[in-house]
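Analysis of the macromolecular model
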Amino acid sequence: MNKERKLIIAGNWKMNKTAAEALDLVNGLKRELASVKEVDIVVCPPFTALDAVSKAILDSNLRLGAQNMSENGFGAYTGEIAAGMLKEFSVRFVILGHSERRQYQKEPDALISKKALAVHAAALKPIVCVGETLAEREGGRTEQVLETQVTGSLDGLSKEQMVETVVAYEPVWAIGTGKTATTEQAQSAHAFIRGVLVRMFDDTVARRVRIQYGGSVKPSNARELMSQPDVDGALVGGASLEVRSFADIIKNSI
Ligand code: PEP
């Protein structure tokens, strides 16, 4: 597939897999995906499996991501994880503002932008998630919600930092539900987000930012979604937990 930007496909394992299970999964992915050069492949295990996975993928084309990070450096923040801890395991990417964290941990846009700045300060790359709920879509507020989340969550980033940031469009109603946005819905939301980035930064920056689609991506719908001009990859939840399905999503996207 000939794309303007290199595809980036990331697996968000959420709160799944012990370290031993994570090793099995990642060793299978290494075998299946060794020859793939066209896609940046990222796996985001839970913190407790970062050590094992990071050692296992050392000599491979898989990159490591974390699912969250503190906006603060080392210090008295019980239960939190600092950038310096992630760097010890060669983490390259950090998912921020996932809808589950927005919902359960009540993370607001202002906190997500602080975290994004902390991620960049550590020379890591954030994957910043945005997306509307079903009620917001049905109420005709999708674009308003996306504009608020994009401007709020990316507030304060420099142009150089924005180019190194990945945005994930994840309609909340499509996450883990088996309902995928149609290719038209995905393309239209992605083009809208890119337009917001043009206004916030400039056209050159916006054209370089990779925008992933997330929400029930599977081997059968990956190709069509990835063929959309503004869809530059995928953030995959459920289907990233099995070697077969995650590998096939990547192979079907090339
Ligand atoms: C996600 O949680 O980021 C996600 C897209 O999940 P799923 O693929 O299971 O819908």
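The paragraphs below set out a description of the structure included in this document. (Residues numbered from 1 in each chain as written. Predicted model: local features only at pLDDT ≥ 70, side-chain atom pairs only at ≥ 80, totals over all residues. Heavy atoms only, no water.)

Comments concerning the overall build of the chain
Counting secondary structure elements, the chain contains twelve helices and eight strands. A compact globule built from 254 residues should have a C-alpha radius of gyration of about 18 Å, and the chain, at 17 Å, falls within 12% of that. Projecting the C-alpha coordinates of the chain onto the three principal axes gives extents of approximately 45 × 45 × 35 Å. Looking at the chain residue by residue over its 254 residues, the buried ones come to 53%. If you take every contact in the chain between residues at least 6 apart in sequence, the share linking residues at least 24 apart comes to 74%. Within the structure as shown, the chain displays about 11100 Å² of accessible surface, and the carbon and sulfur contribution to it stands at 51%. Positive and negative charge centroids in the chain, built from 31 and 31 side chains respectively, lie 3 Å apart. (Helix = DSSP H or I, 4+ residues; strand = E, 2+ residues; numbered from the N terminus. Rg over C-alpha atoms; globule rule 2.2 N^0.38 Å. Buried < 20%, exposed > 50% of the residue type's maximum accessible area, 1.4 Å probe, protein only. Contact = heavy atoms within 4.5 Å. Areas by Shrake-Rupley, 256 points an atom, 1.4 Å probe, with all protein chains shown as cover. Lys, Arg positive; Asp, Glu negative; His and termini not counted. Charge placed at Lys NZ, Arg CZ, Asp CG, Glu CD.)

Comments concerning the nonpolar core
With 70 residues, the main nonpolar core has Val53, Val94, Met162, Ile193, Leu197 and Tyr213 as its most contacted residues. If we skip the residues at most four places from it in the chain, Val53 touches Trp13, Ala22, Val26, Val43, Pro45 and Leu64. (Core = buried A, V, L, I, M, F, W, Y, C linked by side-chain atoms within 4.5 Å.)

Some details on the packing of helix α5 (residues 109–121) against helix α7 (residues 142–153)
The interhelical angle for the contact between α5 and α7, taken along N-to-C directions, is 40°, at an axis separation of 7 Å. The angle between the axes of α5 and α7 places the two elements in the oblique class. The segment α5 lies against α7, with Asp109, Ile112, Ser113 and Ala116 engaging Thr148, Gln149, Gly152 and Ser153. Here the contact of α5 with α7 is composed, by residue class, of two nonpolar, five polar and one charged. (Axes fitted to C-alpha atoms, helices over the stretch in contact; angles between N-to-C directions. Parallel < 35°, antiparallel > 145°, perpendicular 65-115°, else oblique. Nonpolar A, V, L, I, M, F, W, Y, C, P; charged D, E, K, R; others polar.)

Some words on the sheet that holds strand β5 (residues 125–130)
What the eight strands build is a closed barrel, ordered β1-β2-β3-β4-β5-β6-β7-β8; its pairing is parallel. Going across the sheet, the axis of each strand differs from the next one's by a mean of 25°, ignoring polarity. (Pairing = 2+ DSSP bridges.)

Some remarks on the packing of aromatic side chains
Taken as a whole, this structure holds one aromatic pair when the rule is applied. For the ring pair Tyr169 and Tyr213, a centre distance of 6.3 Å and an interplane angle of 55° mean the geometry is tilted. Of the two residues, Tyr169 is situated in strand β6 (residues 166–169) and Tyr213 in strand β7 (residues 210–214); the sequence distance between them amounts to 44 residues. Among the residues examined, Tyr169 registers a relative accessible area of 0% and is labelled buried. (Phe/Tyr/Trp six-rings, centres within 6.5 Å; stacked < 30°, edge-to-face > 60°.)

Things to note about the layout of surface pockets
Taken as a whole, the largest pocket spans an internal volume of roughly 430 Å³. Lining the largest pocket are 18 residues, with Lys14, Met15, Gln67, Asn68 and Arg101 sitting closest to its centre. Of the residues assigned to the lining of the largest pocket, the class counts are seven nonpolar, seven polar and four charged. When its volume is computed, the second largest pocket comes out at roughly 220 Å³. Together, 19 residues line the second largest pocket, and Gly176, Ser216, Val236, Gly237 and Gly238 are the ones closest to its centre. (1 Å grid on protein atoms, 1.4 Å probe; cavity = no way out; pocket = protein on both sides within 12 Å on 5 of 7 lines; lining within 4 Å. Points joined across faces, edges and corners; volume = space filled by probe spheres on them.)

Description of α7
With twelve residues, α7 extends 16 Å from end C-alpha to end C-alpha; this agrees with the ideal 16 Å at 1.5 Å per step. Those residues of α7 that fall on the buried side of the exposure criterion are Thr142, Val145, Leu146, Gln149, Val150, Gly152 and Ser153. Packed against the buried residues of α7 are α4 (99–104), α5, β5, α6 (134–138), β6 and α9 (183–200). (Expected span 1.5 Å × (residues − 1).)

A word on the pattern of salt bridges
Counted by the stated rule, this structure contains 21 salt bridges. Note that Lys30 is salt-bridged to Asp59, the shortest N-O span being 3.8 Å. Here Lys30, found in helix α1 (residues 19–33), pairs with Asp59, found in the loop between α2 (50–56) and β3 (62–66); they are 29 residues apart in sequence, far enough to count as distant. A relative accessible area of 23% places Lys30 in the partly exposed class. Counted as one network, the salt bridges with shared partners bring together Glu4, Arg5, Arg194, Arg207, Asp230 and Asp232. (Salt bridge = Lys/Arg side-chain N within 4 Å of Asp/Glu carboxyl O.)

Quick notes on the site of the ligand
Around the ligand there are 14 residues in total, and Lys14, His98, Glu170, Gly176 and Ser216 lie nearest to it. A distance of 2.8 Å is found between an oxygen atom of the ligand and a side-chain nitrogen or oxygen belonging to His98. Compared with its free state, where it exposes 290 Å², the ligand has 96% of that area covered by protein. Comparing atom positions with the cavity grids shows the ligand to sit within the second largest pocket. (Near = heavy atom within 4 Å. Polar contact = N/O pair within 3.5 Å; in protein donor to acceptor, adjacent residues only side chain to side chain. Sits in = over half its atoms within 2 Å of the grid points.)

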